[in-house]
Amino acid sequence: MANLIKINEMLKANNQKFVDMEHVEVNDNAYEIIKAYETLLMRQKEIINDLEIRKQRHIDAFTIGDAILDGICVVDVNGIVTEINESYMEITGLKEDKIIGKNISALVDKGYIKKSIFPEVMNKKEKVSFLSEINTTNKKVLVTGNPFFNDDGNIAWILIVVRDLTEMTNLKERLWIAEEESKRCMITLDSLRAMKEDSSLIGENIKMKKLKELISNVAKTDAAILITGETGCGKEVVANEIYYNSNRKDLPFVKVNCAAIPESLLESELFGYEKGAFTGARNKKKLGLFEMANNGTILLDEIGAMPLSLQSKLLRVLQEKEIIRVGGTKSIKLDVRVISATNQDLQILIEEGKFREDLFYRLNVVPIKIPPLRERKDDIPLLTHMFLEKYNSKYDKAKRFDTMAMLALENYEWPGNVRELQNFVERLVVVDDEPIISYNKISALMGQNSVTPDIVNGNLTLNEAVSKFEREIIKDALDKHGTTYKAAEALGVSQSTISRKAKALGIKLNNVG
């Protein structure tokens, strides 16, 4: 070996001399030595070329690595970090000197990262991924460890890729907020469409005039309102009027039917829930209807059907003006105008222990009672013609009522109130193509006894029939005009006559002047 090295040095020293010579005579031993040297040079050249290629690949790989957003970290079989890219430093918030040459487990020990993927990849000898968090930057990341093997099948090194999920999480959160805002807008749009179809409170009866005046006075306040009235009398229409005339008319209007939502779901629907609050809420949270109504108005229809267990939570919302989502701990401040409605007598429910008295007082700041249709029969012609016009247009008809038909409608008690009247008019329009809606048609559909006045049944004497007829006329006039003076003027008699006959016929004048 020493002689070979010596020859190598001689060849290097006389390299140019040998190049200039046309030929050199050597013996067999020298020839073998020269051939061995030539082979050695060729092998050395191949090794150098291979190292250059590997070096270039290494440079190219990390040049690419620095250009992408994922963090790249190379770890040898002993867990020593040998290489990292720029993104890895940005994600971890650590400088190169804090990582390169350090054992990956030391980063965990010092609290820089929560968990190292290195031991798991070494044990499983396959690609491993898990979600983690970088303590230094509070970033949520996806960590993937890829093992690379040598010719003997052993792990030579591990490539760790760290993907920052923080921005993705933020985008998901913003998308969720946008979706919930879209829902809020759709709810408001639906409310506006509903109000466009039924945009005003119809009625000229004295009770309806007083109702409209009350709505006008309270609409622009934020006072809680409790609307009561029989089924079908127009509680939602009144709520629409309050909203439409309020200072919040351009903000969300969310309507909730407390009786239509199952008791088990009502709390989460009203107040929302956090991720993982219950089965089915594992992957996302949800805004409640109160949050959707924030800065606007919420209508709690059928409030009497709300479970007693949930009433205390609603009371807290009204008192503190904040909610806590199901499964959450954070209080969320709200600014919501609350309107409630019911066809039940809440005072009776309170006595039966089915409704909280303190909640009743919170909801009943301004009580609005809607009169049933039988107490404002003079509005029946107005409502009937409005519905007739609507359904004539809808079904391309041109029907009209005769005089006796309208009298039949006015004589009926309408237990279903305005909603029943509306549905009945639609029925009259669609059942046939006759242009005139007659008394006989209404009698046939409703039943003779429902629409026939007692005074034409033949069951009364003449005096009884006259007295009954007078009583109905005077009572209707008083209900319509509000005072004995205006009623007398409308009927063409003196005020004293109205007062005298009202007293004789048993008509109370307590609230009539």
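Residues numbered from 1 in each chain as written. Predicted model: local features only at pLDDT ≥ 70, side-chain atom pairs only at ≥ 80, totals over all residues. Heavy atoms only, no water.

(A) Focus on the sheet that holds strand β1 (residues 71–76). On the basis of which strands lie adjacent, the open sheet formed by five strands has the order β2-β1-β5-β4-β3 and antiparallel pairing. Two strands bound the open sheet, and with one partner strand each, they are β2 (81–84) and β3 (128–134). Strand-to-strand twist of the sheet, defined as the mean angle between neighbouring strand axes without regard to direction, takes the value 25 degrees. Across seven bridges, β3 lies against strand β4 (residues 139–149) in antiparallel orientation. From the neighbouring strand, Glu133 faces β4, where its bridge partner is Lys140. (Pairing = 2+ DSSP bridges. Helix = DSSP H or I, 4+ residues; strand = E, 2+ residues; numbered from the N terminus. Axes fitted to C-alpha atoms, helices over the stretch in contact; angles between N-to-C directions.)

(B) Region of the structure containing the pattern of salt bridges. Scanning the model with the defined rule gives 23 salt bridges in all. Linking Arg163 and Asp70 is a salt bridge whose minimum nitrogen-to-oxygen distance equals 2.8 Å. Separated by 93 residues along the polypeptide, Arg163 in strand β5 (residues 155–164) and Asp70 in the loop between α3 (28–67) and β1 bring together distant segments of the chain. One salt bridge in this structure joins Glu413 and Lys377, with 3.2 Å as the shortest N-O distance. One end of the pair, Glu413, is in the loop between α16 (403–411) and α17 (417–430); the other, Lys377, is in the loop between β12 (366–369) and α15 (380–394), and 36 residues separate them in sequence. Residues joined in a network through salt bridges with shared partners are Asp222, Arg248 and Asp335. (Salt bridge = Lys/Arg side-chain N within 4 Å of Asp/Glu carboxyl O.)

(C) Expanded view of the packing of aromatic side chains. Scanning the model with the defined rule gives seven aromatic pairs in all. Taking 6.3 Å as the distance between ring centres and 20 degrees as the angle between the ring planes, the aromatic pair formed by Tyr391 and Tyr395 counts as stacked. Residue Tyr391 is classed as buried on the basis of its relative accessible area of 4%. Ring-pair connections join several aromatic residues into one group, and the members of that group are Tyr412, Trp414 and Phe424. Sitting above the plane of the Phe130 ring, Lys115 keeps its charged end 4.6 Å from the centroid. (Phe/Tyr/Trp six-rings, centres within 6.5 Å; stacked < 30°, edge-to-face > 60°. Buried < 20%, exposed > 50% of the residue type's maximum accessible area, 1.4 Å probe, protein only. Lys NZ or Arg CZ within 6 Å of the ring centre and 35° of its normal.)

(D) Representation of unusual backbone geometry in the model. Its identity as a non-glycine residue notwithstanding, Asn138 has a phi of 60 degrees, on the positive side. With respect to the helices, strands and loops of the structure, Asn138 is situated in the loop between β3 and β4. In this model, Asn417 sits at a positive phi of 60 degrees, which is unusual for a non-glycine residue. If you trace the backbone, Asn417 turns up in helix α17.

(E) Region of interest: the packing of helix α21 (residues 484–491) against helix α22 (residues 495–504). As a packed pair, α21 and α22 sit with axes 8 Å apart at the nearest point and diverge in direction by 105 degrees. In terms of orientation, α21 and α22 fall into the roughly perpendicular class. Contact residues: α21 offers Thr484, Tyr485, Ala488 and Leu491, while α22 offers Gln495, Ile498 and Ser499. Class assignment for the residues of the contact of α21 with α22 results in four nonpolar, three polar and no charged. (Parallel < 35°, antiparallel > 145°, perpendicular 65-115°, else oblique. Contact = heavy atoms within 4.5 Å. Nonpolar A, V, L, I, M, F, W, Y, C, P; charged D, E, K, R; others polar.)

(F) Representation of the environment of Thr82 within the structure. Tracing the chain through its elements places Thr82 in strand β2. Taking the C-alpha atoms as reference points, Thr82 and Lys102, separated by 20 residues in sequence, lie 8.3 Å from one another. With residues near it in sequence (within four places) discarded, Thr82 still touches Val74, Val75, Asp76 and Ile100.

(G) Structural detail: the nonpolar core. The biggest cluster of nonpolar side chains holds 34 residues, and the ones touching the most others in it are Leu270, Phe290, Ile298, Leu300, Ile303 and Phe355. Of all the elements in the fold, those that place two or more residues in this core are β7 (253–257), α10 (263–271), α11 (289–292), β8 (297–301), α12 (308–320), α13 (346–351) and α14 (357–363). No other element matches the five residues that α12 contributes to this core. The residues touching Phe290, leaving out its near neighbours within four places in the chain, are Leu270, Phe271, Ile298, Leu300, Leu314, Val317, Ile323, Leu334, Val336 and Val338. Among the nonpolar cores identified, the runner-up in size contains 25 residues, and Val75, Tyr88, Met89 and Val141 belong to it. (Core = buried A, V, L, I, M, F, W, Y, C linked by side-chain atoms within 4.5 Å.)

(H) Fine view of a negative patch on the surface. Taken together, Glu86, Glu90, Glu96 and Asp97 make up a surface patch of like negative charges. Here Glu90 is to be found in helix α4 (residues 86–92). (Patch = residues over 30% accessible without salt bridge, like charges linked within 9 Å, V, L, I, M, F, W, Y side chains within 5 Å. Areas by Shrake-Rupley, 256 points an atom, 1.4 Å probe, with all protein chains shown as cover. Lys, Arg positive; Asp, Glu negative; His and termini not counted. Charge placed at Lys NZ, Arg CZ, Asp CG, Glu CD.)

(I) Local environment of the environment of Val121. Tracing the chain through its elements places Val121 in helix α6 (residues 118–124). Sequence spacing of Val121 and Ile155 is 34 residues, and the spatial spacing of their C-alpha atoms is 9.5 Å. Setting aside chain neighbours within four positions, we find Val121 in contact with Glu126, Val128, Gly145, Pro147, Ile155 and Ile158.

(J) Region of the structure containing helix α18 (residues 439–446). Burial in α18 covers these residues: Tyr439, Ile442, Ser443 and Met446. All buried residues of α18 fall inside an arc of 100 degrees around its axis, so they share one side. Along α18, exposed side chains directed more than 90 degrees from the buried face belong to Asn440 and Ala444. Positive backbone phi, at 105 degrees, marks Gly447, one or two positions downstream of α18. (Arc of directions from axis to C-beta.)

(K) Quick look at the confidence of the model for the protein chain. Scored by pLDDT, the protein chain comes out at a mean of 81, with 76% of its residues at no less than 70. Taking the mean pLDDT of every element in the protein chain, the minimum, 53, falls on helix α2 (residues 15–20) and the maximum, 97, on strand β6 (residues 225–228). (pLDDT = per-residue confidence, 0-100.)

(L) Quick peek at a nonpolar patch on the surface. Among the surface-exposed residues, Tyr395, Val430 and Val431 lie close enough to one another that they form a single nonpolar patch of about 230 Å² accessible area. In this fold, Val431 is placed in the loop between α17 and β14 (436–437).

(M) Representation of the pairing of β4. Following β3, the chain reverses through four residues before pairing antiparallel with β4; Asn138 in that reversal takes a positive phi of roughly 60 degrees. In the sheet, β4 pairs with β5 via nine bridges, with the strands oriented antiparallel. Pairing of Thr144 across the sheet is with Val161, part of β5. A loop of five residues connects β4 with β5, the two strands running antiparallel in sequence, and Gly153 in this loop sits at a positive phi of about 85 degrees.

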